[in-house]
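# Structural characterization, general
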Amino acid sequence: MKNPVSYIDIHTHHGFENDVLYLLNLPVDFQTIPIDKFFTTGVHPWFITKKNVKAQLDLINKLIPNKNMLAIGECGLDKLIDVPYSSQERIFIEQLKIAEENKKPVIIHCVKAFDEVIKIKKEMKLSVPLIFHGFNNNKQIANQLLKNGFYISLGKALLKNNSNASKIISIIPLEKLFLETDDADISIKTIFTAAARYLQIDTEVLKEQIYINFKKVFKHE
Ligand SMILES: [Zn+2]
């Protein structure tokens, strides 16, 4: 019998679980890179200030050859914050350029700007995998994203019965799905159990599929 594959958490701010393969999200002003741990880093739209952006983008460029940096992100667009939309878009595009040049996937934070991200993907003719993280929106938006080749990552919203995430999970093709804990203080195993229940499949089957997705998107061997 082969060994069961790991649980995979593609976006966590904590990374506290021992037997889980996780991608630790580092804020771009972090001090030390964890040794032998997969990580991602990016300029989150919440933390854009005029002063630091250039240094942050330089840092991403410097880190990107690191084999443990599996993606850029989270970065993206957020229409509910005070940071001017034009700066958000400029800095997001800068990071997408770095991703495309280096063939790295991108983990996207998006609030009320799905059409804009779709438009940018088309205009820039991006070929790297783009993953919307913490998705908890309606079926129409989910379908739009899938039609345009995006991946969707679901998290703690799956633990609420009536959430959008729990309603739309079954329309996401399994090969486009990821799971995450984000900043929540919960185990990824709980998220997998909830997802498997909505999908009416065995948790092991789900784990294997997510592992295949992980290898394909993040090129991990
Ligand atoms: Zn996050």
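Quick caveat: nothing in here was measured; it's all calculated off a predicted structure.

Of regular secondary structure, the chain possesses 7 helices and 8 strands. For the chain, the C-alpha radius of gyration of 17 Å lies close to 17 Å, the compact-globule estimate for 221 residues. Dimensions of the chain, computed from the C-alpha atoms along their principal axes, are close to 50 × 40 × 30 Å. Residue pairs in contact within the chain that sit at least 24 positions apart in sequence constitute 68% of those at least 6 positions apart. Total accessible area on the chain stands at roughly 11,200 Å², and carbon and sulfur atoms take up 52% of it. For the chain, the distance from the average site of its 29 positive side-chain charges to the average site of its 25 negative ones is 4 Å.

Once that is clear, we can look at unusual backbone geometry. Residue Gly73 is joined to Glu74 through a cis peptide bond whose omega torsion reads 0°. Looking at the element boundaries, Glu74 is found in strand β4 (residues 69–78). The residue Lys103 is not glycine, and still its phi comes out positive at about 55°. Secondary-structure assignment places Lys103 in the loop between α2 (85–102) and β5 (106–111).

In this section: the environment of Gly15. Tracing the backbone through its elements, the reader meets Gly15 in the loop between β1 (7–12) and β2 (20–27). Not counting residues within four places of it along the chain, the set of residues in contact with Gly15 comprises Tyr22 and Leu24.

Our focus in this paragraph is the layout of surface pockets. To find leftover empty space, one rolls a probe the size of a water molecule over the atoms. When its volume is computed, the largest pocket comes out at roughly 720 Å³. Lining the largest pocket we find 33 residues, and of these Trp46, Glu74, His109, His133 and Asp182 sit closest to its centre. For the lining of the largest pocket, the secondary-structure elements that each account for two or more residues are β2, β4 and β5. Taken together, the residues that form the lining of the largest pocket break down as 12 nonpolar, 13 polar and 8 charged.

This part takes up empty space enclosed by the protein. Throughout the structure, instances matching the rule amount to 1 cavity of 30 Å³ or more. Of the pockets and cavities examined, the largest cavity occupies roughly 40 Å³. As for the largest cavity, its lining consists of Asp9, Thr12, Gly15, Phe16, Glu17, Val20, Tyr22 and Thr181. The set of elements that each furnish at least two residues to the lining of the largest cavity consists of β1 and β2. Within the lining of the largest cavity, the residues separate by chemical class into 3 nonpolar, 3 polar and 2 charged.

So, about the nonpolar core. In this structure, Leu154, Leu179 and Phe218 are the most contacted members of the largest nonpolar core, which totals 75 residues. Take this core: its biggest share by element is 7 residues, from helix α6 (residues 188–199). If we ignore the near neighbours within four places in the chain, the residues touching Phe218 are Ile10, Leu23, Leu70, Ala71, Pro105, Ile131 and Phe178.

Our next topic: the coordination of the zinc ion. Around the zinc ion, the protein contributes the donor atoms His11 (NE2), His13 (NE2), Glu74 (OE) and Asp182 (OD), which lie 2.1 to 2.2 Å from the metal centre. Metal-centred angles of 88 to 180° between the 4 donor atoms at the zinc ion mark the site as irregular.

Rules behind the numbers
Residues numbered from 1 in each chain as written. Predicted model: local features only at pLDDT ≥ 70, side-chain atom pairs only at ≥ 80, totals over all residues. Heavy atoms only, no water. Helix = DSSP H or I, 4+ residues; strand = E, 2+ residues; numbered from the N terminus. Rg over C-alpha atoms; globule rule 2.2 N^0.38 Å. Contact = heavy atoms within 4.5 Å. Areas by Shrake-Rupley, 256 points an atom, 1.4 Å probe, with all protein chains shown as cover. Lys, Arg positive; Asp, Glu negative; His and termini not counted. Charge placed at Lys NZ, Arg CZ, Asp CG, Glu CD. 1 Å grid on protein atoms, 1.4 Å probe; cavity = no way out; pocket = protein on both sides within 12 Å on 5 of 7 lines; lining within 4 Å. Points joined across faces, edges and corners; volume = space filled by probe spheres on them. Nonpolar A, V, L, I, M, F, W, Y, C, P; charged D, E, K, R; others polar. Core = buried A, V, L, I, M, F, W, Y, C linked by side-chain atoms within 4.5 Å. Buried < 20%, exposed > 50% of the residue type's maximum accessible area, 1.4 Å probe, protein only. Donors = N, O, S within 2.8 Å, 3.2 Å for Na, K, Ca; no water. Tetrahedral: all angles 85-135°; square planar, octahedral: opposite > 155°, others 65-115°.

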